[in-house]
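# Understanding the architecture of this molecule
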Amino acid sequence: MDLWEIFFKAHQGSWGVLVVLYLISYIFSKQKITHMILRLFYVIMLVSGIGMLALGALQTVFIVKLVIAVLAIGLMEMTILRKRRNEPTGAFFILLIVLVVVLVSIGYGYIRF
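Below or above, wherever it landed, is the structure these notes cover. (Residues numbered from 1 in each chain as written. Predicted model: local features only at pLDDT ≥ 70, side-chain atom pairs only at ≥ 80, totals over all residues. Heavy atoms only, no water.)

### Quick look at the overall build of the protein chain
- If you tally the helices and strands in the protein chain, you get four helices and zero strands.
- Element order for the protein chain, N to C, with α for helix and β for strand: α-α-α-α.
- By the compact-globule yardstick of 13 Å for 113 residues, the protein chain fits well, its C-alpha radius of gyration being 15 Å.
- In the protein chain, which comprises 113 residues, the proportion classed as buried is 34%.
- Nonlocal contacts in the protein chain, meaning residues at least 24 apart in sequence, comprise 71% of its contacts between residues at least 6 apart.
- Carbon and sulfur atoms provide 76% of the accessible area of the protein chain, an area that totals close to 6900 Å².
- Positive and negative side-chain charges of the protein chain, numbering 10 and 4 respectively, have mean locations separated by a distance of 12 Å. (Helix = DSSP H or I, 4+ residues; strand = E, 2+ residues; numbered from the N terminus. Rg over C-alpha atoms; globule rule 2.2 N^0.38 Å. Buried < 20%, exposed > 50% of the residue type's maximum accessible area, 1.4 Å probe, protein only. Contact = heavy atoms within 4.5 Å. Areas by Shrake-Rupley, 256 points an atom, 1.4 Å probe, with all protein chains shown as cover. Lys, Arg positive; Asp, Glu negative; His and termini not counted. Charge placed at Lys NZ, Arg CZ, Asp CG, Glu CD.)

This is the structure in structure tokens:
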């Protein structure tokens, strides 16, 4: 197994864990431990994605995916923190869902350009 496959498996697994941790952190927004673990998985996901880019997948579609992923992370943080402060999160949550669908579609090759 080469380094690119290691990054790929770490990236793929971190996205699955990231979604579950986000939902737990959003539902139980008053507690902080899952939110801190969620932030660790943000780092794992970003490092593995940037590692795959550096090792040869440097294509425009993946650079766009990186930008969208950073926006999605920002929206995840905003929805959790806004819910914690009892502020409305509806528009941010809908935009987050749209971005995640676009990210998964790019990742599985449904969206190409």
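What follows picks up the thread again.
### Notes on the pattern of salt bridges
- By the definition in use, this model includes three salt bridges.
- One salt bridge connects Arg85 with Glu87, and the closest N-O pair in it is separated by 3.3 Å.
- Overall, the relative accessible area of 51% leaves Arg85 in the exposed class.
- You can call Glu87 partly exposed: its relative accessible area is 31%.
- Each of the salt bridges in this network shares a partner with another, and the network as a whole consists of Arg82, Arg85 and Glu87. (Salt bridge = Lys/Arg side-chain N within 4 Å of Asp/Glu carboxyl O.)

### Quick notes on the packing of aromatic side chains
- All chains considered together, the criterion is met by five aromatic pairs.
- Look at Tyr22 and Phe93: their rings are 6.4 Å apart centre to centre, the planes differ by 25°, and that puts the pair in the stacked class. Here Tyr22 is found in helix 1 (residues 3-27), whereas its partner Phe93 is found in helix 4 (residues 90-107), with 71 residues between them in sequence.
- The exposure class of Phe93 is partly exposed, given its relative accessible area of 25%.
- Members of the aromatic cluster, each reached through a chain of ring pairs, are Tyr22, Tyr26 and Phe93.
- One Lys or Arg, Lys83, reaches over the ring of Tyr26 and ends 4.9 Å from the middle of that ring. (Phe/Tyr/Trp six-rings, centres within 6.5 Å; stacked < 30°, edge-to-face > 60°. Lys NZ or Arg CZ within 6 Å of the ring centre and 35° of its normal.)

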